[in-house]
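# Analysis of the macromolecular model
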Amino acid sequence: LQPNPKVYINPKDAVKLKLKEGEQIELHSSSGKIQMSCSLSLEVRQGHLFTTFHFFEAIANTLTNKNDLDPHSKMAGLKVVLVNIKKVIQNE
């Protein structure tokens, strides 16, 4: 079980973005933003992210556009969204 929300990122992408394991990041889309810690994973393809979505503190569907429906199924695109990533700088 995972006690906190995380976003998983490929280590090569993390190097490009100067991110380290456990750092707080912000994911921002045209629909909203959330914050969580990052975790490096070789299981995630470069250029992709994976995040948990069952946490009240970081509701992943905040990032999705509920009005952009699939033309065939009429389901909202709740699993794929373009985001920007930014490291959260903690004030000391």
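What counts and how
- Counting from 1, residues in each chain are numbered in the order their sequence is written.
- This being a predicted model, a pLDDT of at least 70 is required before a residue's local features are given, and a value of 80 or more before pairs of side-chain atoms are given or counted; all residues contribute to the totals for chains, interfaces and linings.
- For side-chain calculations, the full set of non-hydrogen atoms in the structure is used, while hydrogens and water are omitted.
- Segments assigned H or I by DSSP are reported as helices when at least four residues long, segments assigned E as strands when at least two residues long, and all are numbered from the N terminus.
- We call two residues in contact whenever any of their non-hydrogen atoms come within 4.5 Å of each other.
- Here, a salt bridge means any Lys or Arg side-chain nitrogen found within 4 Å of an Asp or Glu carboxyl oxygen.
- Working definition: with a 1.4 Å probe on protein chains only, accessible area under 20% of the residue-type maximum means buried, over 50% means exposed, and in between means partly exposed.
- pLDDT is a per-residue confidence score from the predictor, ranging from 0 to 100.
- Throughout this description, the term nonpolar core refers to a set of buried Ala, Val, Leu, Ile, Met, Phe, Trp, Tyr and Cys residues connected via side-chain atoms within 4.5 Å.
- What qualifies as a polar contact is a pair of N or O atoms within 3.5 Å, subject to a donor-acceptor requirement within protein and to the restriction that residues adjacent in sequence count only when both atoms come from side chains.

To continue, consider the environment of Met75. Along the chain, Met75 turns up in the loop between strand 4 (49-51) and strand 5 (84-87). In contact with Met75, other than residues within four places in its own chain, are Asp68, Leu69 and Asp70.

Right, let's get into the pattern of salt bridges. In the structure shown here, the tally under the stated rule is 2 salt bridges. A salt bridge links Glu23 to Lys87; the shortest N-O distance between them is 3.6 Å. A residue pair is termed long-range when its members are at least 10 positions apart, and Glu23 in the loop between helix 1 (11-17) and strand 2 (24-28) and Lys87 in strand 5 qualify at 64 residues. You can call Glu23 partly exposed: its relative accessible area is 21%. Accessibility expressed as a relative area gives 30% for Lys87, which makes it partly exposed. In this structure, Glu26 and Lys86 form a salt bridge, with 4.0 Å as the shortest nitrogen-oxygen distance. Of the two residues, Glu26 sits in strand 2 while Lys86 sits in strand 5, which places them 60 residues apart along the sequence. With relative accessibility at 10%, the residue Glu26 sits in the buried group. Judged by its relative accessible area of 49%, Lys86 falls in the partly exposed class.

Further remarks concern the confidence of the model for the protein chain. If pLDDT is low for a region, its predicted coordinates should not be looked at in detail. Averaged over all residues, the pLDDT of the protein chain equals 85, while 88% of them reach at least 70. Mean pLDDT across the secondary structure elements of the protein chain bottoms out at strand 4, with 91, and peaks at helix 1, with 97.

Okay, the nonpolar core next. In terms of nonpolar packing, the biggest core is built from 10 residues, these being Val7, Ile9, Ala14, Leu19, Ile25, Leu27, Ile34, Met36, Cys38 and Leu63. Going through the elements one at a time, strand 1 (6-9), strand 2 and strand 3 (33-40) are the ones with two or more residues in this core. Sorting elements by how many residues they give to this core places strand 3 first, with 3 residues.

The next subject is the side chain of Ser29. Within the fold, Ser29 resides in the loop between strand 2 and strand 3. At 2.7 Å, the side chain of Ser29 and the backbone oxygen of Leu63 are in polar contact. When residues no more than four places from it in sequence are discounted, the contact partners of Ser29 are Leu63, Val81, Leu82 and Val83.

Quick look at unusual backbone geometry now. One non-glycine residue, Lys18, lies in positive phi territory at about 60°. Among the structural elements, Lys18 can be located in the loop between helix 1 and strand 2.

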